[in-house]
Every structure is written in C-alpha cells, then in structure tokens.
Amino acid sequence: MLAGQNSPLSALLYRLQILGRLLALLCVGWVGAVGFELAVELSPDDLQNHRSPVVQEKVAACDGAFSQRYACTQTILLDGERISAGTMAVRILVTLVLPGIAWSVWTAVIRRTERLAWQAQHLIR
C-alpha cells in the first residue's frame, strides 16, 4: 500500500470532505428555509406585545383604581413578554438543533477519518 493519495483512507477522506460541503449547504438551506417559514408564520398573538389584540383585550378588562389597573396592565405585559421570548426561543431551537446535531456528528466523523489517515500515512513511511 502506498502512502498519499493512493491510500484508501486518503480517497475516503477526500470523498467525505466533498460530502461535508454538501452537508454544509443542506444545513444552511435548512436554517434558511425553516427560519423563513417560522418567521412568516409569526402572528401578533404569538408575540403578545402591547399591540397584540389578545393583550389589548386583557388590558381593557383591567378595572379598579389607577394603581390596580397599572399593576394589572404590568402583569399582563410582562406575561406577554415571557410568552414571546419562549415562542421565539422554541422557533430558534427548531431551526438550529437538527443542523447542529448533524454538523457535530459530521465533524466527529471527519476528525476520526483524518486521524486514521494521518496514522496510516506515518506508519507506512
């Protein structure tokens, strides 16, 4: 067995690097497509900010003295912000987790293959 490009491990590493580029394109495509779709699907009710109809209805239902209305409104707005943050976090996770897992597994495979190719090349010499 000859060292260098003629070894099966070198050929395998070359093919894996090509597949790695394809995986990178697929990951970027996934993030772009899924991220765009999830961003398009956002509605005012998902974000629950002060302009959201759901929040405005809840705020309109607050009654009592000024301090009671203020406390009620603050509670509703803070809850809406928490819900919005949770919604956005879930959407970001859905967008990034699968490509992240795929890329980390791929990186481990490539590192192992590179290590084996390096060891084989140095053992032959």
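Quick note: structure is the one above.
Summary of the structure given here. (Residues numbered from 1 in each chain as written. Predicted model: local features only at pLDDT ≥ 70, side-chain atom pairs only at ≥ 80, totals over all residues. Heavy atoms only, no water.)

Brief notes about the packing of aromatic side chains
For any pair of aromatic rings, the description consists of the separation of the ring centres together with the inter-plane angle of the planes.
At step 1: Applying the stated criterion to the full structure yields 1 aromatic pair.
At step 2: Taking 6.2 Å as the distance between ring centres and 25° as the angle between the ring planes, the aromatic pair formed by Phe-66 and Tyr-70 counts as stacked. Remark: Tyr-70 and Phe-66 occur in helix α4 (residues 66-124); sequence separation between them is 4 residues, near one turn of the helix.
At step 3: We classify Tyr-70 as partly exposed; its relative accessible area is 49%. (Phe/Tyr/Trp six-rings, centres within 6.5 Å; stacked < 30°, edge-to-face > 60°. Helix = DSSP H or I, 4+ residues; strand = E, 2+ residues; numbered from the N terminus. Buried < 20%, exposed > 50% of the residue type's maximum accessible area, 1.4 Å probe, protein only.)

Describing the side chain of Ser-84
At step 1: Within the secondary structure layout, Ser-84 lies in helix α4.
At step 2: Not counting residues up to four positions away in its chain, the partners in contact with Ser-84 are Asp-46, Leu-47 and Gln-48. (Contact = heavy atoms within 4.5 Å.)

Re the state of the cysteines
Structurally, a disulfide amounts to a covalent bond that connects the sulfur atoms of two cysteines.
At step 1: Taken as a whole and assessed by the stated rule, the structure comprises 1 disulfide.
At step 2: Between Cys-62 and Cys-72 runs a disulfide, and the two sulfur atoms are separated by 1.9 Å. Judged by the sign of its S-S torsion, about -65°, the bond between Cys-62 and Cys-72 is left-handed. Here the residue Cys-62 occupies a position in the loop between α3 (53-60) and α4, and Cys-72 occupies one in helix α4, the gap between them amounting to 10 residues.
At step 3: By relative accessible area, which is 8% here, Cys-62 ends up buried. (Disulfide = S-S within 2.5 Å.)

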